[in-house]
Amino acid sequence: MGLLDILLGRTKPVAPDLDQLFALPSAAVTLQVAAGFTPTGGGAVCFATVEGAAFEQTHREVQALLDADADRAGPPVELRRDDYGYSWLVSQRGPDQLPQLVNDLHAVNSSMEVNGFGPQLLCSLVGFTDGGGRRLALVYLYKRGTFYPFAPLAGAGERRDNALELQIKSVLADDLRIEPDLGRWFPVWGAPGL
C-alpha cells in the first residue's frame, strides 16, 4: 500500500484465512457455557451463483471428497439457491459433530478457492439453538476473515435479535475474530443450515 492509497483512504483487503473456521468448536463450548446455545449440526457456504462446467466439476469433487467420510449419514453436501439469488452448499451433521462440520465447510471453501471461485465466496455459517427455541448463526465473512453472530427473531418476519447478537459478540470476543464494523453484520434471511 502506497502513500497515494493512504491519502485517498484506500485500504488493502484482508486476505481470507480459512483456518479461522477451526476456532468454532472451542467457541461453541464458550457459547454453550455462557449463553446456553448448542450446535444444530447444520452449516453452509454461501457464494455468488456460478454456472458452467467448471463449477459443476468442483461441486462433484467436493461431493466425492465428503462422500468418502464413513461417519456421515445422509447427503454430504447439498446445493441450494435462496430467494435472493445466492447459492449455498449445505452440510448437515449430528449436533455433536461440530469439528466434522467445520472440516466440511473448510473443504468446500478450499476447493472453491483452489478451483478459481474464491472471488465468488461470500460467507460460511454454522447454526446454533438454545433450549427456548432461539436460533443463532455464527457467520464467517470470507473476504474479511472475521465472524459475526446473526440471530433472527422467531415468527417475526425479517427481524433480528440485536441484543442477543451484541451479547454473543461480547461472549465470543476472546474465542473468535469478531467483525468490528457492525454495518458488515449482514442478515442472512432464510439461510440453509441455520
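Everything that follows concerns the structure shown earlier in this document.
What counts, and where the lines are drawn
- Residues numbered from 1 in each chain as written.
- Predicted model: local features only at pLDDT ≥ 70, side-chain atom pairs only at ≥ 80, totals over all residues.
- Heavy atoms only, no water.
- Phe/Tyr/Trp six-rings, centres within 6.5 Å; stacked < 30°, edge-to-face > 60°.
- Buried < 20%, exposed > 50% of the residue type's maximum accessible area, 1.4 Å probe, protein only.
- Helix = DSSP H or I, 4+ residues; strand = E, 2+ residues; numbered from the N terminus.
- Axes fitted to C-alpha atoms, helices over the stretch in contact; angles between N-to-C directions.
- Parallel < 35°, antiparallel > 145°, perpendicular 65-115°, else oblique.
- Left-handed = near helix turned anticlockwise from the far one by under 90°.
- Contact = heavy atoms within 4.5 Å.
- Lys, Arg positive; Asp, Glu negative; His and termini not counted.
- Salt bridge = Lys/Arg side-chain N within 4 Å of Asp/Glu carboxyl O.
- Polar contact = N/O pair within 3.5 Å; in protein donor to acceptor, adjacent residues only side chain to side chain.
- Core = buried A, V, L, I, M, F, W, Y, C linked by side-chain atoms within 4.5 Å.
- Pairing = 2+ DSSP bridges.

(A) Looking closely at the packing of aromatic side chains. Here the structure, examined in full by the defined rule, presents three aromatic pairs. Here Tyr140 and Phe147 contribute two aromatic rings whose centre-to-centre distance is 5.1 Å and whose plane-to-plane angle is 55 degrees, an arrangement assigned as tilted. Take Tyr140 and Phe147: they sit in the same class, and that class is buried. Look at Tyr148 and Trp185: their rings are 6.0 Å apart centre to centre, the planes differ by 20 degrees, and that puts the pair in the stacked class. In this pair, Tyr148 is assigned in strand β6 (residues 146-150) and Trp185 in the segment after α5 (162-171), connecting sequence segments 37 residues apart. Like Trp185, Tyr148 is buried.

(B) Quick look at the packing of helix α2 (residues 24-35) against helix α4 (residues 98-117). Look at α2 against α4: their axes get within 9 Å of each other, and the N-to-C directions meet at 140 degrees. Viewed along their axes, α2 and α4 adopt a mutual orientation that is oblique. Seen along the crossing, α2 lies across α4 with a hand that is right-handed. When α2 is examined against α4, the residues Leu24, Pro25 and Ala28 are found in contact with a partner set consisting of Leu98, Pro99 and Val102.

(C) Main features of the environment of Pro99. Along the chain, Pro99 turns up in helix α4. Here the alpha-carbon distance between Pro99 and Pro25, two residues 74 residues apart in the chain, equals 6.0 Å.

(D) Structural context of the side chain of Asp161. If you trace the backbone, Asp161 turns up in the loop between β6 and α5. One buried charged side chain, Asp161, makes no salt bridge at all; its nearest oppositely charged neighbour is Arg134, positioned 4.3 Å away. A distance of 3.1 Å separates a polar side-chain atom of Asp161 from the backbone nitrogen of Leu164. If near-sequence neighbours (up to four positions away) are discounted, Asp161 is found in contact with Arg134, Ala151 and Leu153.

(E) Molecular detail of the nonpolar core. Among the nonpolar cores identified, the biggest contains 55 residues, and Leu31, Trp88, Phe128, Ile168, Leu176 and Val188 are the most heavily contacted of them. By residue number, the principal contributor to this core is α4, which donates eight residues. What Leu31 contacts, discounting residues up to four positions off in sequence, is Gly36, Phe37, Phe128, Leu136, Leu138, Ile168 and Leu172.

(F) The arrangement of the pairing of strand β4 (residues 121-129) in detail. Along β4, seven of the nine residues are buried, which leaves the element largely enclosed by surrounding structure. With seven bridges connecting them, strand β1 (residues 38-48) and β4 associate as antiparallel partners. Directly across from Gly43, in β4, lies its bridge partner Val126. By the bridge criterion, seven bridges tie β4 to strand β5 (residues 135-141) in an arrangement that is antiparallel. Counterpart to Val126 in the pairing with β5 is Leu138. Here β4 folds back onto β5 in antiparallel fashion, the turn holding five residues, of which Gly133 has a positive phi close to 85 degrees.

(G) A look at the sheet that holds β1. Judged by pairing direction, the sheet is antiparallel, and its six strands sit side by side in the order β2-β3-β1-β4-β5-β6 without closing on themselves. The sheet is open, and its two borders are formed by β2 (78-81) and β6, each paired with just one other strand. Each strand axis lies, on average, 25 degrees off the axis of its neighbour in the sheet, ignoring direction. Summarising the sheet, β2 and strand β3 (residues 86-92) pair through four bridges and their orientation is antiparallel. Paired with Glu78 across the two strands is Val90, which belongs to β3.

By themselves, these figures tell us nothing about what the structure is for.
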